[in-house]
Amino acid sequence: QVQLVESGGGLVQPGGSLRLSCAASGTIFRIAVMGWYRQAPGKERETIGTIGWSGGNIYYADSVKGRFTISRDNAKNTVYLQVNSLKPEDTAVYYCNGNIVTTSRAQLGVWGQGTLVTVSD
């Protein structure tokens, strides 16, 4: 049993900020690469960025560079997404994904259920 749960979404005005969290739980042995994704209404899911197991090898999509920051705390099995200078076009359901090795050594790709970010006056 491995789950990812996102939190921290909500309604924010343009130019505002949020900190999203993605907490993993279950029979976890190791979490490798983790990533953040989003899906806006009527659009396909897109990659925001990814972060390697040690906190390095960070990738950001061009649309969020300079505004979004990914970090992780392996002791808490949690990855964060700090979102700044939000624009209405950032409105989407935000998802996290993790490549997780379970205690039985199964290797899984796990998605969270998503958290909604709405940027509007």
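Small disclaimer: the values here were computed from a predicted structure and weren't measured. (Residues numbered from 1 in each chain as written. Predicted model: local features only at pLDDT ≥ 70, side-chain atom pairs only at ≥ 80, totals over all residues. Heavy atoms only, no water.)

## Some words on the state of the cysteines
Let me state the cut-off plainly: In this description, the term disulfide denotes a pair of cysteine sulfurs within 2.5 Å. Counting from the N terminus, the helices are the DSSP runs of H or I reaching at least four residues and the strands are the DSSP runs of E reaching at least two.
A full pass over the atoms with the stated rule returns 1 disulfide. In this model Cys 22 forms its disulfide with Cys 96; the gap between the sulfur atoms is 1.8 Å. Judged by the sign of its S-S torsion, about 55°, the bond between Cys 22 and Cys 96 is right-handed. Of the two residues, Cys 22 is situated in strand β3 (residues 18-26) and Cys 96 in strand β9 (residues 92-102); the sequence distance between them amounts to 74 residues.

## Observations regarding the environment of Ala 32
Put simply, the test is: Partly exposed describes any residue whose relative accessible area lies between the buried limit of under 20% and the exposed limit of over 50%, with all areas from a 1.4 Å probe on protein chains only and scaled to the type maximum. The contact rule is simple, with two residues in contact once any of their heavy atoms fall within 4.5 Å.
With respect to the element layout, Ala 32 can be found in strand β4 (residues 28-39). Judged by its relative accessible area of 29%, Ala 32 is partly exposed. Placed 68 residues apart in sequence, Ala 32 and Ile 100 show a C-alpha to C-alpha distance of 6.1 Å. Excluding its chain neighbours within four sequence positions, the residues that come into contact with Ala 32 are Ile 51, Gly 52, Trp 53, Arg 72 and Asn 99.

## Regarding the packing of aromatic side chains
Selection rule: Aromatic pairing here means that ring centres of Phe, Tyr or Trp (its six-membered ring) are within 6.5 Å. Orientation follows from the plane angle: under 30 degrees is stacked, over 60 is edge-to-face, and everything else is tilted. Remark: a charge is flagged as sitting over a ring if the NZ atom of Lys or the CZ atom of Arg is within 6 Å of the ring centre and within 35 degrees of the ring normal.
Following the criterion strictly, the structure yields 1 aromatic pair and no others. When the ring centre of Tyr 95 is taken as origin, the NZ or CZ atom of Arg 45, which lies over that ring, is 3.8 Å away.

Interpretation in functional terms is not warranted from these geometric data alone.
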